Amino acid sequence: MKSEVIHARVQSDIKHESDKILNTIGITLSQAVDLFLRQVVLKKGMPFKLDSEKKEVNDAEQLAYLINSVDGREPSQKAKKIIQLYANGDIDLETAKFAILRS
């Protein structure tokens, strides 16, 4: 029997959007919270992976990324390798830009 009440503050748009999505799969927000907490207990922790490391991206990596993603796509594996070479100091910026534009 449920006897506990949880009060949580969330952004209005997040609540409304999640409520709409949950309604389409046939559960309430309250049921979703209950399912989440059951998974926390079952897994003895968060039921999904949390990344605690924030990757530092320097200006050159951002520039190289932008150069390659002008068309709105994710950089290719080759371009990512070039970016990493530049970030490591293995090649200079001009070489990196040249290689990325040719990839």
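First things first, this report covers the structure right here in the doc. Predicted model, so just to flag it, every value in this text is computed and none were measured.

### Overview of the environment of Ile 6
Okay, step 1: As for its position among the elements, Ile 6 is in the segment before α1 (12-24).
Okay, step 2: Ile 6 gets classed as exposed once you look at its relative accessible area, which sits at 56%.
Okay, step 3: For the pair Ile 6 and Val 33, spaced 27 residues apart in sequence, the C-alpha to C-alpha distance is 9.4 Å.
Okay, step 4: What Ile 6 contacts, discounting residues up to four positions off in sequence, is Val 33 and Leu 37.

### Observations concerning the packing of helix α4 (residues 77-87) against helix α5 (residues 93-102)
Okay, step 1: At a minimum axis distance of 10 Å, the contact between α4 and α5 shows a crossing angle of 180 degrees. Taken together, the axis directions place α4 and α5 in an arrangement best described as roughly antiparallel. On the side of α4, the interface is formed by Ile 82, Ile 83 and Tyr 86, while α5 contributes Leu 93, Ala 96, Ala 99 and Ile 100.
Okay, step 2: Here the residues of the contact of α4 with α5 sort into seven nonpolar, no polar and no charged.

### Observations regarding the pattern of salt bridges
Okay, step 1: According to the stated counting rule, one finds three salt bridges in the structure shown.
Okay, step 2: Overlapping salt bridges bring together Lys 2, Asp 34 and Arg 38 as one network.

How each quantity is defined
- Residues numbered from 1 in each chain as written.
- Predicted model: local features only at pLDDT ≥ 70, side-chain atom pairs only at ≥ 80, totals over all residues.
- Heavy atoms only, no water.
- Helix = DSSP H or I, 4+ residues; strand = E, 2+ residues; numbered from the N terminus.
- Buried < 20%, exposed > 50% of the residue type's maximum accessible area, 1.4 Å probe, protein only.
- Contact = heavy atoms within 4.5 Å.
- Axes fitted to C-alpha atoms, helices over the stretch in contact; angles between N-to-C directions.
- Parallel < 35°, antiparallel > 145°, perpendicular 65-115°, else oblique.
- Nonpolar A, V, L, I, M, F, W, Y, C, P; charged D, E, K, R; others polar.
- Salt bridge = Lys/Arg side-chain N within 4 Å of Asp/Glu carboxyl O.

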